[in-house]
Amino acid sequence: MTVEKVEQAPGGVRIWACAKASASACSSCGVGSPRVHSRYDRRVADAPVAGLPVVLWLRMRRFFCDNETCPVRTFAEQVDGVTSAYARRSPRLRGMLESIGLAVAARAGARLAGRLGLVTGRDTLLRLVRAVPDPPIGTVAVLGVDDFAVKRRRSYGTILLDMATHRPIDLLADRAADSLAEWLRAHPGVTIVCRDRAGAYAEGARLGAPGARQVADRWHLWHGLAGYVEKTIRQHRHDLCDPEHDIPESEPDPAGPVNVEQIAIAADIDRVEAQAVVVRIREHYQDVQRLLAHGESISGISRSLRLDRKTVRRFARAATVEELLIKQRDGRPGPLERFKPYLRERWNQGCTTATVLLAEIREQGYTGSYPALTRYLRLFRTVGAAPPATPAPAKVRDVTRWMLQHPDDLDDRERGRLNEILARSSALERLAYHVASFAEMMTGLHGERLDEWITAVEADDFPQLHSFTAGLARDRAAVVNGLTMEHNSGAVEGAVSRLKSVKRSMYGRAKFDLLRKKVLCRV
């Protein structure tokens, strides 16, 4: 290629050049030919120089193909690194635009390209991204599988990872077992499948790769155990209170002294029971139980009451409505909760002015409202006294965290409070023992102890943990592999997090095919 002239125009830089090679190879058969058929001018956009767009005006030649067996009679010459068939951009410029399109959204990419001297539009960037060829998959020995939300709570897809390179190799448009099985049949060679506890992936791996070993991820096992442990602690939440400060459940004697704390608890219960959500839960529970007694199925009840099937199943499994109201009553503490002992102490010291107390707790970090404070103090004005400031009982979520955390990672206060709770509750002490045994089995990769652990748990009266062990028994082979082998799904979870960032960069409005290209082809 010989440059004949360079000119700077208002729109950028123009370069005139022509090819000087004596012969060129046919694009179809590869046989060289020296016979020129004709010449023509070609315009090709190239990478910018100093922020200015560059346009190449090339004098190209067309050659005769001398190979009698070739179906092509004439062909156009190409210059390596400068031209390609039917392209109006050089490979270098096309690669730059593809990288911008894969990195950012189309509108933002078009603005960025314009600042860099790459004049293009958002639709052009989308076409270039969609035209990028998929990276070769090759043979995958260890496959990671997980789902992700295309539209949260509406549609989900599946991401597949090569666990040897931690590289996404494909995205499926759903999370059905048949889709995974079809992909595995089309890509033989998978010997290990790392997955979560989803039944669809277990079935898909069994159908598509019957000889592959399935490995249940340890994090999902621990996370599942944590949920059941919290439910068990919530059932024994009365053991979290210090007996010295426990409040009797009997009604106060009208002739005896007024128990302000009992009145406060009763007022809180009445307030919760009056909430619309509590009333609705009680009504739905009665309707579900009534329809179940008449022989209705879960799906039929879901359609007739217009409730989600999971909600109907939860209401059907609950022995009493109180099980459904535990979380609602325990609830998330309000902003005034941690200041109540201080308010009781100041009230008993003689400070009964709400504005003064509001100013004091605001200095300590109170972010709630003035009416919330006055509602809490109204009871003290009615009975003329405040209950003594007593330490608040430990929260269910805090006790769950202390029980699931390694003892060396707890501070002295947390370790002391946990030991006090376990000392006065034999049920929670046994629960903590089971949790510690599972943690030792999981961190030490002692999967052979699983059956022994399940037997020990089922010997105790922990209905919630029995549901967890029943799930482990149904997926026993994968759970044992997960508790024995080194493989885990940590890399898959990281890939899902990166996929979410790609979705956010696309503003969540692009189609699935574009999302797939951006995830698979990003560097």
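Sequence order sets the numbering: in each chain, residues are counted from 1 along the sequence as written. Local features are withheld for residues below a pLDDT of 70 in this predicted model, meaning they are given only at 70 or higher, and side-chain atom pairs are given and counted only at 80 or more; totals for whole chains, interfaces and linings count all residues. Note that the side-chain values use all heavy atoms of the structure and ignore hydrogens as well as water.

Visitor: What exactly am I supposed to notice about the overall build of the protein chain here?
Guide: Under the scheme used here, helices are H or I runs from DSSP no shorter than 4 residues and strands are E runs no shorter than 2 residues, and both carry numbers assigned from the N terminus. Counting its regular elements, the protein chain contains 22 helices and twelve strands. Burial classes: relative accessible area under 20% of the type maximum marks a residue as buried, over 50% as exposed, and values in between as partly exposed (1.4 Å probe, protein chains only). Per-residue burial for the protein chain yields a buried fraction of 39% across its 523 residues. Should any heavy atoms of two residues lie within 4.5 Å, those residues are counted as being in contact. Counted over contacts in the protein chain with a minimum sequence separation of 6, partners at least 24 positions apart contribute 59%. Here the Shrake-Rupley method, with its probe set to 1.4 Å, supplies the accessible areas, and only the displayed protein chains count as covering residues. Carbon and sulfur atoms form 51% of the exposed surface of the protein chain, whose accessible area is close to 29800 Å².

Visitor: Sorry, what's going on with the packing of helix H9 (residues 298-305) against helix H10 (residues 309-317) here?
Guide: Relative orientation and spacing of two packed helices are given, respectively, by the angle between their axes and the distance between those axes. In this analysis an axis means a line fitted to C-alpha atoms, helices contributing only their contacting stretch, and an angle means the value between N-to-C directions, from 0 to 180 degrees. In contact at an axis separation of 9 Å, H9 and H10 are set at 115° when each is read in the N-to-C sense. When the axis of H9 is compared with that of H10, the two are roughly perpendicular. Read as a crossing pair, H9 and H10 show a hand that is right-handed. Across from Ile298, Ser299, Ile301 and Ser302 in H9, the residues of H10 making contact are Arg309, Val312, Arg313 and Ala316. Three categories are distinguished: nonpolar for Ala, Val, Leu, Ile, Met, Phe, Trp, Tyr, Cys and Pro, charged for Asp, Glu, Lys and Arg, and polar for the others, with Gly belonging to the last. Its residues placed into classes, the contact of H9 with H10 shows four nonpolar, two polar and two charged. Small angles under 35 degrees read as roughly parallel and large ones over 145 as roughly antiparallel, with 65 to 115 read as roughly perpendicular and the rest as oblique. For any pair of crossing helices, the crossing counts as left-handed if the nearer helix is rotated counterclockwise from the farther one by less than a right angle, and right-handed if it is rotated clockwise.

Visitor: Would you mind showing me how to read helix H17 (residues 426-443) here?
Guide: Helices are assigned an expected span. That span is 1.5 Å times one less than the residue count. Under the 1.5 Å per step criterion, the end-to-end length of H17 is 26 Å for 18 residues, consistent within 8% with the ideal 26 Å. Residues Ala427, Leu428, Leu431, Ala432, His434, Val435, Phe438, Met441 and Met442 constitute the buried set of H17. Residues of H17 that are buried sit in contact with helix H6 (218-235), helix H15 (396-404), helix H16 (412-424), helix H18 (450-458) and helix H19 (463-474). A positive backbone phi angle near 55° is found at leucine 445, which sits one or two residues after H17.

Visitor: What exactly am I supposed to notice about the pattern of salt bridges here?
Guide: Side chains that carry opposite charge are capable of pairing whenever their charged atoms lie near each other. We define a salt bridge as a contact between a side-chain nitrogen of Lys or Arg and a carboxyl oxygen of Asp or Glu at a distance within 4 Å. Going through the model one piece at a time under the given rule, you end up with 21 salt bridges. In this structure, arginine 92 engages aspartate 46 in a salt bridge whose closest nitrogen and oxygen atoms are separated by 3.0 Å. Here arginine 92 is found in helix H1 (residues 91-103), whereas its partner aspartate 46 is found in strand S5 (residues 36-49), with 46 residues between them in sequence. Residues arginine 195 and aspartate 475 are paired through a salt bridge, measuring 2.8 Å at the closest nitrogen-oxygen approach. Pair noted here: arginine 195 is in strand S11 (residues 192-195) and aspartate 475 is in the loop between H19 and helix H20 (476-482), with a separation of 280 residues, a long-range link. Across the pair, exposure class does not vary: arginine 195 and aspartate 475 are buried alike. One salt-bridge network, held together by shared partners, links Asp134, Asp170, Arg516 and Lys517.

Visitor: Help me understand the nonpolar core in this model?
Guide: Grouped burial of nonpolar side chains is what soluble globular proteins tend to show. Judged by nonpolar contacts, the single largest core of 38 residues is most densely connected at Ile233, Val399, Met403, Phe438, Trp453 and Leu472. Those elements giving two or more residues to this core turn out to be H6, H15, H16, H17, H18, H19 and H20. Considering every element that reaches this core, the biggest residue donor is H17, with eight residues. Residue types Ala, Val, Leu, Ile, Met, Phe, Trp, Tyr and Cys, when buried and joined through side-chain atoms within 4.5 Å, form a set referred to as a nonpolar core. Membership of the second largest hydrophobic core comes to 25 residues, among which are Val132, Cys194, Leu499 and Leu520.

Visitor: What is the right way to look at the packing of aromatic side chains in this model?
Guide: Each pair of aromatic rings is reported with the distance of its centres and the angle of its planes. Here the aromatic set is Phe, Tyr and Trp, taking the six-membered ring for Trp, and pairing holds for ring centres within 6.5 Å; pairs whose planes are under 30 degrees apart are stacked, those over 60 apart are edge-to-face, and all others are tilted. What the rule picks out here adds up to eight aromatic pairs. Ring plane angle 15° and centroid distance 6.5 Å describe the contact between tryptophan 16 and tryptophan 57, whose orientation is recorded as stacked. Here tryptophan 57 lies in strand S6 (residues 52-64) and tryptophan 16 lies in strand S2 (residues 12-18), a separation of 41 residues in the sequence. By relative accessible area, which is 22% here, tryptophan 16 ends up partly exposed. Here the aromatic cluster, defined as three or more aromatic residues joined through ring pairs, consists of Trp222, Tyr228, Phe438, Trp453 and Phe468. Comment: the charge-over-ring label is applied if NZ (Lys) or CZ (Arg) is within 6 Å of the ring centre and within 35 degrees of the ring normal. Looking at lysine 5, its charged tip hangs above the ring of tryptophan 16, at a distance of 4.2 Å from the centre. In this arrangement the basic side chain of arginine 175 is found over the ring face of tyrosine 156, its NZ or CZ atom lying 3.9 Å from the centre.

Visitor: Even after reading the chapter, I still don't get a positive patch on the surface, so can you show me in this structure?
Guide: Together, Arg107, Arg111, Arg122 and Arg509 line one region of the surface with positive charge. The partly exposed category is assigned to arginine 122, whose relative accessible area is 39%. Surface patches are drawn from residues lacking salt bridges whose relative accessible area is over 30%; two like charges belong together within 9 Å, two nonpolar side chains (Val, Leu, Ile, Met, Phe, Trp, Tyr) within 5 Å. A residue counts as positive if it is Lys or Arg and as negative if it is Asp or Glu; His and the chain ends are not included. Just so you know, the charge point we use is NZ for Lys, CZ for Arg, CG for Asp and CD for Glu.

Visitor: Looking at this structure, how should I read the sheet that holds strand S12 (residues 213-216)?
Guide: In a beta sheet, neighbouring strands are held together by backbone hydrogen bonds and run either parallel or antiparallel to one another. Should DSSP find at least two bridges between two strands, the strands are taken to pair. A sheet is described by the order of its strands in space; here five strands give the open sequence S10-S9-S8-S11-S12, paired in mixed fashion. A single partner strand is all that each edge strand has here, and the edge strands are strand S10 (167-172) and S12. Across this sheet, the average inter-strand angle for adjacent strands is 30°, counted without regard to direction. Both S11 and S12 contribute to a ladder of four bridges, which runs parallel. Pairing of valine 193 across the sheet is with glutamine 214, part of S12. With respect to the sheet, helix H4 (residues 177-186) is in contact with strand S8 (142-151), strand S9 (155-162) and S10, its orientation differing from that of S10 by roughly 125°. In the packing of helix H22 (residues 512-521) onto the sheet, the strands contacted are S8 and S10, and the crossing angle to S10 comes to about 170°.

Visitor: I keep staring at the state of the cysteines and nothing clicks. Help me out?
Guide: Defined by distance alone, a disulfide is two cysteine sulfur atoms within 2.5 Å. Enumeration over the complete set of coordinates arrives at zero disulfides. Summary of cysteine pairing: cysteine 29 is not part of a disulfide, and the nearest cysteine sulfur, belonging to cysteine 65, is at 3.7 Å.

Visitor: Mind showing me how you'd approach helix H5 (residues 199-208) here?
Guide: Think of an α-helix as 3.6 residues a turn; residues three or four steps apart then line up on the same face. Within the sequence span of H5, burial applies to Tyr201, Ala202, Gly204, Ala205 and Gly208. Seen end-on, H5 carries its buried residues on one side only, within an arc spanning 165°. Lining the buried residues of H5 we find S8, S9, H4, S11 and S12. What the arc describes is the spread of directions from the helix axis to the C-beta atoms.

Visitor: Please explain unusual backbone geometry as it appears in this structure.
Guide: Excluding glycine, a negative phi dihedral is what most residues carry, and trans is how most peptide bonds are arranged. Its identity is not glycine, yet tyrosine 86 carries a phi of approximately 60°, on the positive side. In this fold, tyrosine 86 is placed in the loop between strand S7 (74-76) and H1. Although it is not a glycine, leucine 445 adopts a positive phi angle of roughly 55°. Summarising the element assignment, leucine 445 is placed in the loop between H17 and H18.

Visitor: Sorry, what's going on with the environment of valine 215 here?
Guide: Examined against the element boundaries, valine 215 turns out to sit in strand S12. Judged by its relative accessible area of 1%, valine 215 is buried. Taking the C-alpha atoms as reference points, valine 215 and alanine 478, 263 residues apart in sequence, are found 4.6 Å from one another. Ignoring any residue separated from it by four or fewer positions in sequence, one finds valine 215 in contact with Ile192, Val193, Cys194, Arg195, Ala478, Asn481, Gly482, Met485 and His487.

Visitor: Explain the confidence of the model for the protein chain here, please?
Guide: Detailed conclusions should not be drawn from predicted coordinates in areas where pLDDT is low. In this model, the protein chain carries an average pLDDT of 86, and 90% of its residues clear a pLDDT of 70 or more. A residue's pLDDT is the predictor's confidence in that residue, given on a scale from 0 to 100. For residues 245-263, every residue scores under 50 in pLDDT, and the model assigns this stretch 22 contacts once sequence neighbours within four places are set aside. This model gives residues 269-274 a pLDDT under 50, and the stretch forms eight contacts once residues within four places in sequence are excluded.

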